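# Descriptive analysis of the structure
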Amino acid sequence: MRTPPFRRRRAELARRLAAAGGGMAIVPTAPMQMRNGDNEHPFRHGSHFHYLSGFDEPHSCLVLHADGCSELFCHAANAERSVWEGPMLGPEAAPQALGVDLAWPIERLDELLPELMGRVRNVWTLFTVPSAIDQRLPGWLARARTRAGLGAEGPVHRDLGPLVDEMRLIKDADEIDTMRRAAAISAAAHARAMRYCGQRLRADPAAAVREYEIEAELLHEFRRRGATGPAYGSIVAAGGNACVLHHAAGPGELRAGQLCLVDAGCELDGYASDISRTFPADGRFTGPQRTLYDVVLAAQQVAVAATRPGSRQRDAHEAAVRVLSQGLLDHGLLARDRHGDVDAVMASGAYRRFYMHDTGHWLGRDVHDVGEYLSLQEPAVDQPDFRGGRVVRAPSRRLECGMVVTLEPGLYVQPAPDVPEAFWNIGIRIEDDAVVVPGGCELISRAVPVEPDAIEAWMSAH
Ligand code: GLY
Ligand code: MN
Ligand code: MN
């Protein structure tokens, strides 16, 4: 029988803790967040906590010792509270249900943690993840030091982030299965959004479809297929709104002849998906739209080809930028007499006027998932920086099987006198989710058309 993933991950982290000097890790779940008045945001677990525990209740904290012993602090099962908040697992049931060794009521955290901390040399917490224990931790450390009689020397407070982040960066089979399902739901939602626009404008070619209507189609498909909801704020941008990279779906009107850029993905069982598609509102690309779409799609194709074990995460970006830059020169968005050839455009960063973001990021529990992007063991080298200048730093990290990245080139053309008017207000992004597999990568988000002919066929056939 396979060890359940959460137990397996705790055992692996305990091994890593032991190798890094031992001690205990404290991993609380996310704090509840107030929305307004006495109204809370819906609770969403902490990503690291859930990765290690599989436990969804708020007000919980995992303690993991380097010898592999795990302890969970959670709300005591309480009949009165359950009337309001539903059934709770409680510390009595937690060891059996979650495979932890010990469990305690969360109210005992202040009493027991300084005690436990007083016995170890290293206390590991997540330095960069805000949590409900941040205010209390300095006091616990002070008490632990007094108790341990170690004076100011110990226990030492160390950052757990890099240890767990490295684990989370390489997805196991359970995680990839979940991410595949999340991407399939998101793809279905994008296909639904395209179909909706096509139908509306076929029925009434003069209609204006609001961005929020399209967002509603996405949400409908996410929820009806069992996703928790969006993994991040859905971007639905009509026409020129697409040139605002994080344009939230609003009342913007989408009309025949315009493009619609949708960047939306659901969260399923704690995992994000992240897909962008750009489609013509009425189901037919205009000539200039198709021209730029073909450039962005070609850029994505070379990014896909550059994504394989052993290549660097940044290679996809370099490859995409070369194709985009060439396209900008070929179609007169960058003048050759002013900007030179494609190498000059890449070196000067002139392309950044139309392509100002990166080509991808790690994807996992967080849409911009954890994990180091640089190969810190290698010597620093002089290289292009994100802003089109130069920087001396460690090279980009090499890809390994089980990493999941997005590949998301785009072009965004604001009106300007030195840009051919035919391209004004065209904003295009094409984004897919890629699992690094032996010899290449597998796109898990392709159950929605991406080739322009396939988009047109889908929108006219439904
Ligand atoms: N949806 C945010 C991103 O693509 O990175
Ligand atoms: Mn993305
Ligand atoms: Mn996206």
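About the cut-offs
- Numbers given for residues are sequential positions, taken from 1 along each chain in its written order.
- All chains are assigned letters beginning at A, and all ligands numbers beginning at 1, according to the order in which they are written.
- Totals for whole chains, interfaces and linings use every residue, but because this is a predicted model, local features are given only for residues with pLDDT of at least 70 and side-chain atom pairs only at 80 or more, for both listing and counting.
- With hydrogens and water excluded, all non-hydrogen atoms of the structure serve as input to the side-chain values.
- Nearness here has a simple test: a residue counts as near a molecule or strand if at least one of its heavy atoms is within 4 Å of that partner.
- Distance and chemistry together define a polar contact, namely a pair of N or O atoms within 3.5 Å, with one atom able to donate a hydrogen and the other to accept it when in protein, and with adjacent residues in sequence counting only for side-chain atoms on both sides.
- Surface accessibility follows the Shrake-Rupley procedure with a 1.4 Å probe radius. Residue values consider only the protein chains on display as shielding.
- Under this grouping Gly is polar, as are all residues other than the nonpolar Ala, Val, Leu, Ile, Met, Phe, Trp, Tyr, Cys and Pro and the charged Asp, Glu, Lys and Arg.
- Only nitrogen, oxygen and sulfur atoms count as donors, using a 2.8 Å cut-off from the metal that widens to 3.2 Å for Na, K and Ca. Water is left out, so coordination shells may look unfilled.
- Every angle between 85 and 135 degrees makes a four-donor site tetrahedral, while opposite donors more than 155 degrees apart, with all other angles between 65 and 115, make a four-donor site square planar and a six-donor site octahedral; other sites are irregular.
- Secondary structure elements follow DSSP: runs of H or I no shorter than four residues count as helices, runs of E no shorter than two count as strands, and numbering proceeds from the N terminus.
- Only protein chains enter the accessibility calculation, which uses a 1.4 Å probe; a residue is then buried when its area is under 20% of its type maximum, exposed when over 50%, and partly exposed in between.
- Here, two residues are considered to be in contact whenever any of their heavy atoms come within 4.5 Å of each other.
- By salt bridge we mean one thing: a side-chain nitrogen of Lys or Arg within 4 Å of a carboxyl oxygen of Asp or Glu.
- Two strands pair if DSSP finds at least two bridges between them.

## Quick notes on the site of ligand 1
Close to ligand 1 lie Tyr232, Asp263, Asp274, His361, His368, Glu408 and Glu431, which account for all nearby residues. One nitrogen or oxygen atom from the side chain of Asp274 is found 3.1 Å from an oxygen atom belonging to ligand 1. One of the side-chain nitrogen or oxygen atoms of Glu408 is found 3.0 Å away from an oxygen atom of ligand 1. When the free accessible area of ligand 1 is taken as 200 Å², the share hidden by the protein chains comes to 88%. Broken down by class, the residue content of the shell around ligand 1 amounts to one nonpolar, two polar and four charged.

## Details of the coordination of the manganese ion (ligand 2)
Around the manganese ion (ligand 2), the protein supplies Asp274 (OD), His361 (NE2), Glu408 (OE) and Glu431 (OE) as donor atoms, at distances of 2.0 to 2.2 Å. Around the manganese ion (ligand 2), the six donor atoms sit at angles spanning 51 to 156°, and that spread fits a shape best called irregular. For the manganese ion (ligand 2), the donor residues sit on a single chain with the sequence spacing D-x86-H-x46-E-x22-E.

## Looking at the environment of Glu442
Note on placement: Glu442 falls in strand E23 (residues 440-443). Residue class for Glu442 comes out partly exposed when judged on its relative accessible area of 30%. Sequence separation between Glu442 and Arg308 is 134 residues, and the spatial gap between their C-alpha atoms is 9.4 Å. Not counting residues up to four positions away in its chain, the partners in contact with Glu442 are Arg180, Asp433, Ala434, Val435 and Val437. At a separation of 2.5 Å, a polar atom in the side chain of Glu442 contacts the side chain of Arg180.

## Section: the pattern of salt bridges
Using the criterion set out here, one finds 36 salt bridges in the structure. Glu213 serves as the salt-bridge partner of Arg200, at 2.3 Å between the closest nitrogen and oxygen. Here the residue Arg200 occupies a position in helix H8 (residues 173-203), and Glu213 occupies one in helix H9 (residues 211-224), the gap between them amounting to 13 residues. Overall, Glu213 belongs to the buried group, its relative accessible area being 17%. One salt bridge connects Asp418 with Arg353, and the closest N-O pair in it is separated by 2.7 Å. One end of the pair, Asp418, is in the loop between strand E20 (410-412) and strand E21 (427-429); the other, Arg353, is in the loop between helix H13 (342-348) and strand E17 (381-384), with 65 residues separating them in the sequence. Residue class for Asp418 comes out partly exposed when judged on its relative accessible area of 43%. A network of salt bridges, in which partner residues are shared, links Arg192, Glu217, Glu221, Arg224 and Arg225.

## Let's talk about the pairing of strand E22 (residues 432-437)
Within E22, five of the six residues are buried, which leaves it mostly tucked inside the rest of the structure. The pairing of strand E19 (residues 404-407) with E22 spans four bridges and is classified as antiparallel. Bridged to Val405 within E22 is Ala434. Relative to E23, E22 runs antiparallel, the two being bridged by four bridges. Along E23, the bridge assignment pairs Val436 with Cys441. Two successive antiparallel strands, E22 and E23, enclose a turn made up of two residues, where Gly439 displays a positive phi of approximately 85°.

Purely spatial values, then, with no claim about function.
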